[in-house]
Amino acid sequence: MTARILALASALSVCAAAQQLQSSPFNGDKESIGAGRAAYRLRCSACHGIHAGGGRGPALNRGKFEVGDTDLDIYRVIERGVPGTEMPAYGPRSTEENIWRIVSYLRSFEPSPEEDVLGDAQAGERIFWGKGGCGACHRVDRKGGEFGPDLTRIGRSRSVEHLRESLLDPEEDLPPGYFVVSAVHHDGRTTTGIGVAFDDFSAQLRDSTGKLHSILREEVRSLEREYTSLMPSGYRESLTANEQLDLLAYMKGLRGGGAK
Ligand code: HEC
Ligand code: HEC
């Protein structure tokens, strides 16, 4: 009886395996890993870094993944992407084999330890809502302003390096889709804010109080779109080195779904 149940169980698991592999069939295969590396460089490195050390997207060379640590977890996130973030879904434009090759490539390197941020996240949280004034423009867990991007899961979406750059050199790496619209009116007044729409005839922008403006080109002296940052650029000077580290530690810990 026990033997029959065991045989049945193993038959079922063979069936399941035929539908969905649990781990990459290419692990350890040099040639496939090379093909995975080539595909990675072409399609992933712009966000995750040429050696997977991270950038605009998280580091993938830690041997640890937020989505889960099995090959299948990694396969699924590449296949489906992460809706609502910049992580695209590759399922529709790639074959299963090619995704598995990339998984094997990501599995092939020595895990490199995560960068330690020697700051105090709780102190960083106080600076965020206090001295830094970050909460005037950014939301975390539905609290805060809406002028800048929501940072609720920023520690999960970005590498530490990107966070540091965003804080200290905001011009360096603008999030996609961000641009600034400036209108100069006939009486010399200007209206500036984050662009919502821009075309030959009109523009929409949101000013720092959150108010939406629709402006027709024919009604103003000039209407320009600029790819510059509206994030204040003086934090390198106005915050001490320790305060900068505290803020980084706080942001690194923002991983979505409630304060962690
Ligand atoms: C346009 C930028 C971009 C590109 C291109 C991109 N990613 Fe991502 N990826 C991201 C972002 C941002 C996240 C974090 C999403 C979030 O907030 O959860 C992410 C998340 C991931 C994760 C989950 C990480 C974890 O720790 O859970 C994996 C794995 C991943 N990407 C692999 C890839 C692979 C492989 C490719 C190429 C086939 C790729 N990505 C291309 C931006 C990108
Ligand atoms: C006046 C409004 C304003 C204030 C104050 C502000 N930011 Fe920003 N921040 C922005 C805007 C707008 C962006 C979007 C890109 C840009 O313009 O640089 C941004 C971008 C960012 C990003 C990058 C987000 C991404 O998706 O990559 C981070 C991280 C960030 N800010 C952190 C902070 C921190 C920490 C503080 C406080 C020390 C702060 N910001 C203060 C407006 C602000």
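What you see is a predicted model; the values in this text were computed from it and never measured. (Residues numbered from 1 in each chain as written. Chains lettered and ligands numbered in written order. Predicted model: local features only at pLDDT ≥ 70, side-chain atom pairs only at ≥ 80, totals over all residues. Heavy atoms only, no water.)

Draft legend 1. Spatial organisation of the side chain of serine 159. Structurally, the position occupied by serine 159 is in the loop between helix H7 (154-157) and helix H8 (160-168). Relative accessible area serves as the criterion here: at 6%, serine 159 is assigned to the buried category. (Helix = DSSP H or I, 4+ residues; strand = E, 2+ residues; numbered from the N terminus. Buried < 20%, exposed > 50% of the residue type's maximum accessible area, 1.4 Å probe, protein only.)

Draft legend 2. Examining the domain arrangement of the chain more closely. Split into domains, the chain comes out as domain 1 (2-107), domain 2 (121-174 + 232-252) and domain 3 (180-226). Here the C-alpha centre of domain 2 lies 31 Å away from the C-alpha centre of domain 1. Residue-level contacts link 10 residues of domain 1 with eight residues of domain 2. A buried area of about 760 Å², summed over both sides, lies between domain 1 and domain 2, and 39% of it is on carbon and sulfur atoms. (Domains from an automatic or database assignment. Contact = heavy atoms within 4.5 Å. Buried area = accessible area lost by both parts, 1.4 Å probe.)

Draft legend 3. The site of ligand 2, seen in detail. Close contacts around ligand 2 come from 27 residues, with Cys134, Cys137, His138, Ser229 and Met231 the closest. Contact between ligand 2 and arginine 158: an oxygen atom at 2.8 Å from a side-chain N or O atom of the residue. Between ligand 2 and the protein, one listed contact pairs an oxygen atom with a side-chain N or O atom of histidine 162 at 2.7 Å. Where the shell around ligand 2 is concerned, the elements lending two or more residues are H8 and helix H10 (241-252). A per-element tally of the shell around ligand 2 places H8 first, with four residues. Of the residues in the shell around ligand 2, the class split is 19 nonpolar, seven polar and one charged. (Near = heavy atom within 4 Å. Polar contact = N/O pair within 3.5 Å; in protein donor to acceptor, adjacent residues only side chain to side chain. Nonpolar A, V, L, I, M, F, W, Y, C, P; charged D, E, K, R; others polar.)

Draft legend 4. Representation of the coordination of the iron atom of ligand 1 in the model. For the iron atom of ligand 1, the full set of protein donor atoms is His48 (NE2) and Met87 (SD), at a range of 2.0 to 2.1 Å. Coordination at the iron atom of ligand 1 is octahedral, judged from the six donor atoms that bind it and the angles of 87 to 179 degrees they form at the metal. Of the two residues, histidine 48 sits in helix H3 (residues 45-48) while methionine 87 sits in the loop between helix H4 (71-80) and helix H5 (96-107), which places them 39 residues apart along the sequence. The exposure class of histidine 48 is buried, given its relative accessible area of 10%. (Donors = N, O, S within 2.8 Å, 3.2 Å for Na, K, Ca; no water. Tetrahedral: all angles 85-135°; square planar, octahedral: opposite > 155°, others 65-115°.)

Draft legend 5. How the structure looks around the packing of helix H6 (residues 121-129) against H10. Where H6 contacts H10, the axes come no closer than 7 Å and their chain directions differ by 100 degrees. Of the possible angle classes, the one that applies to H6 and H10 is roughly perpendicular. Contact residues: H6 offers Ala121, Ala123, Gly124, Glu125, Ile127, Phe128 and Trp129, while H10 offers Glu243, Asp246, Leu247, Ala249 and Tyr250. Along the lines of polarity and charge, the residues of the contact of H6 with H10 split into eight nonpolar, one polar and three charged. (Axes fitted to C-alpha atoms, helices over the stretch in contact; angles between N-to-C directions. Parallel < 35°, antiparallel > 145°, perpendicular 65-115°, else oblique.)

Draft legend 6. The environment of serine 23, seen in detail. By the element assignment, serine 23 lies in the loop between helix H1 (2-19) and helix H2 (30-43). The exposure class of serine 23 is partly exposed, given its relative accessible area of 39%. Residues serine 23 and tryptophan 100 lie 77 residues apart in sequence; the distance between their C-alpha atoms is 8.4 Å.

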